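Single-letter residue listing:
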Amino acid sequence: MTGSNFSVKLKSKRGQFIVNDLNENTTLGELKTKIAQATAIQLPQLHVLVGYPPKPLDLSQQREQQDLKTVGINSGETLIVEEKAVTAINTPTPTATAAPTSAAGSTLEDDEALARRLQAEEDASLGAAAAGGALPQPVAPTEGGPNGDFNGILLKKVVPADNSCLFTSIRFVLNGKVDNEGSEMMRHIIATEVAADAQQYNDAVLGKSNADYCSWIQKADSWGGAIEVSILSNYYGIEIDVVDIQNAIINRFGEDKNFGLRVFLLFDGIHYDPLYMETAQSTGPATIFPVEELGVYQQAEQLANEAKSSRQFTNVDKFTLRCMQCDVMLVGQVQAQKHAEETGHDRFGEI
């Protein structure tokens with residue numbers, strides 16, 4: 001009996017991969033070999049996390065003959081693959097008394113943050129399987145080799161200007177979908193994070209009280225910006241690079257966290273669109289890239305410079321808004337801020 005065929009997803013700093021030719025009787029040793037081949041990580045340096053929150057998978061020789069079902073790996077599972085640092089033979093191994101870290105040097109908190117994003121993808125995959133459809137391919141740089149195929153051109157995916165363009169764009173780069181179904185969830189995530197740290201997110205930072213902000217951001221017509229991008233970068237465990245074409249710069253949210261993967265958003269002054277790349281080996285648009293892949297980042301820089309030169313941005317001092325609470329027409333960011341201060345109104349829409 002060969003068991004039913006299924007696949008697992010691998011996510012590493014080198015990219016994302018799919019291993020298809022597995023079944024319930026495939027042994028852990030065989031899976032280790034396939035992971036090493038896909039990620040170009042030597043077997044002794046393999047460190048794999050599975051589940052949510054992610055926990056290290058025991059890859060010891062004693063378990064190599066056990067089948068995948070026995071070790072707890074199921075069809076559609078997402079495995080986080082890291083590379084252990086090579087340690088000197090004579091270096092004694094300290095007992096684990098400090099904060100737990102993975103073998104690759106990242107804390108388990110970092111692994112859990114990444115797993116939140118992976119879990120969202122996993123839920124979507126399992127939902128499709130339950131409906132009788134095939135497991136969707138993850139949005140990935142490539143599945144064809146260890147270093148990825150980044151010879152494509154970085155392109156803009158236009159999303160609706162519906163006051164939730166930031167959240168729609170982030171959903172696309174993480175899940176490959178253009179819809180606003182994830183906007184409400186993201187707004188709730190942000191409100192929860194802000195409410196939990198009133199000292200960091202104080203009146204001066206938010207421009208309003210902590211409680212007022214938490215109520216405001218959960219409204220469908222409230223715009224997201226730098227604060228929201230920073231929170232979502234940390235929550236999903238991925239660097240979010242915002243390509244600001246008005247100033248021809250790239251703002252790297254999560255840069256200080258040393259995340260291994262990044263996504264790109266285009267910002268024209270008031271509107272966000274996601275960036276993606278079509279590659280020769282990828283079955284779908286690539287939206288998630290290893291941080292060390294500088295070619296993609298350089299393309300984003302070039303795109304920002306070209307867009308600024310051709311003035312493809314919105315001047316926030318001249319664009320037209322409408323107050324959604326009293327229907328007053330306003331021109332520019334300054335008028336909108338003044339109106340908000342005088343009236344307490346905080347709901348504006350693009351015209």
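Cut-offs applied
- Residues numbered from 1 in each chain as written.
- Predicted model: local features only at pLDDT ≥ 70, side-chain atom pairs only at ≥ 80, totals over all residues.
- Heavy atoms only, no water.
- Helix = DSSP H or I, 4+ residues; strand = E, 2+ residues; numbered from the N terminus.
- Buried < 20%, exposed > 50% of the residue type's maximum accessible area, 1.4 Å probe, protein only.
- Contact = heavy atoms within 4.5 Å.
- Areas by Shrake-Rupley, 256 points an atom, 1.4 Å probe, with all protein chains shown as cover.
- Salt bridge = Lys/Arg side-chain N within 4 Å of Asp/Glu carboxyl O.
- Axes fitted to C-alpha atoms, helices over the stretch in contact; angles between N-to-C directions.
- Parallel < 35°, antiparallel > 145°, perpendicular 65-115°, else oblique.
- Nonpolar A, V, L, I, M, F, W, Y, C, P; charged D, E, K, R; others polar.
- pLDDT = per-residue confidence, 0-100.
- Core = buried A, V, L, I, M, F, W, Y, C linked by side-chain atoms within 4.5 Å.
- Phe/Tyr/Trp six-rings, centres within 6.5 Å; stacked < 30°, edge-to-face > 60°.
- Lys NZ or Arg CZ within 6 Å of the ring centre and 35° of its normal.

## Brief notes about the overall build of the protein
Assigned secondary structure in the protein consists of 10 helices and 14 strands. Within the protein, buried positions represent 46% of all 351 residues. Considering only contacts in the protein between residues 6 or more positions apart, those separated by 24 or more positions represent 63%. Only carbon and sulfur atoms are counted for the fraction: they give 49% of the accessible area of the protein, which is about 17600 Å².

## Re the pattern of salt bridges
Side-chain pairing between opposite charges can occur once the charged atoms of the two side chains come close. If you walk through the whole model with that rule in mind, you get 5 salt bridges. R252 is paired through a salt bridge with E239; the nearest N and O atoms lie 2.7 Å apart. With R252 in strand β8 (residues 249-253) and E239 in strand β7 (residues 239-244), this residue pair connects regions lying 13 residues apart in the sequence. Of the residues examined, R252 reaches a relative accessible area of 28% and is grouped as partly exposed. Residue classification places E239 among the buried residues on the basis of a relative accessible area of 2%. Bridged by salt links that share partners, the residues E239, D241, R252, E255 and R262 form one connected network.

## A word on the packing of helix α5 (residues 183-195) against helix α7 (residues 210-217)
The contact between α5 and α7 brings their axes to 9 Å, and the two run at 170 degrees. One element, α5, and the other, α7, form an angle in the roughly antiparallel class. Only N210, Y213, C214 and I217 of α7 make contact with α5, whose side of the interface consists of R187, I190, A191, V194 and A195. Residues that form the contact of α5 with α7 fall into these classes: 7 nonpolar, 1 polar and 1 charged.

## Thoughts on the confidence of the model for the protein
Fine structural detail should not be taken from predicted coordinates in areas where pLDDT scores are low. Across the protein, pLDDT averages 75, with 69% of residues at or above 70. Low confidence marks residues 312-317, where pLDDT is under 50. Its contacts with residues over four positions away, or in another chain, come to 22 contacts.

## Quick word on helix α4 (residues 165-175)
Of all 11 residues making up α4, 10 are buried, and the element is well covered by its neighbours. When we look at burial in α4, the residues that qualify are C165, L166, F167, T168, S169, I170, R171, F172, V173 and L174. Count one or two residues on from α4 and you reach G176, which has phi positive near 75 degrees.

## Looking at the nonpolar core
Core analysis: the biggest nonpolar cluster contains 34 residues, and I170, I190, V194, Y213, L232, I238 and I240 have the highest contact counts within it. Listed by contribution, the elements that provide at least two residues to this core are α4, α5, α7, α8 (226-236), β7, β9 (261-267) and β10 (272-277). Among the elements that make up this core, the one with the highest residue count is α4 (7 residues). Residue contacts for I170: discarding those within four places in its chain leaves M186, L232, I240 and L265.

## Some points on the packing of aromatic side chains
Both the distance between ring centres and the angle between the ring planes are used here to describe each pair of aromatic rings. A full pass over the atoms with the stated rule returns 6 aromatic pairs. Their ring planes at 55 degrees and their centres at 6.1 Å tell us that F264 and F289 sit as a pair that is tilted. Here F264 is found in strand β9, whereas its partner F289 is found in strand β11 (residues 289-290), with 25 residues between them in sequence. Aromatic ring contacts, followed pair by pair, group F264, F289 and Y297 into a single cluster. Over the aromatic face of W216 sits the side chain of K208, whose NZ or CZ is 4.5 Å from the ring centroid.

## Focus on the environment of I153
By the secondary structure assignment, I153 is in the loop between α3 (108-130) and β6 (154-156). For the pair I153 and V296, spaced 143 residues apart in sequence, the C-alpha separation works out to 8.5 Å. Ignoring any residue separated from it by four or fewer positions in sequence, one finds I153 in contact with Y276, M277, E278 and Q299.

## Points about unusual backbone geometry
Positive phi, normally seen in glycine, also occurs at A248, with a value near 55 degrees. Along the polypeptide, A248 turns up in the loop between β7 and β8. Phi at D327 takes a positive value of approximately 65 degrees, unusual for a residue other than glycine. Following the sequence through the fold, D327 ends up in the loop between β12 (320-323) and β13 (329-331).

## Description of the side chain of N210
With respect to the helices and strands, N210 occurs in helix α7. What N210 contacts, discounting residues up to four positions off in sequence, is V194, A195, D197, A198, Y201 and D203.

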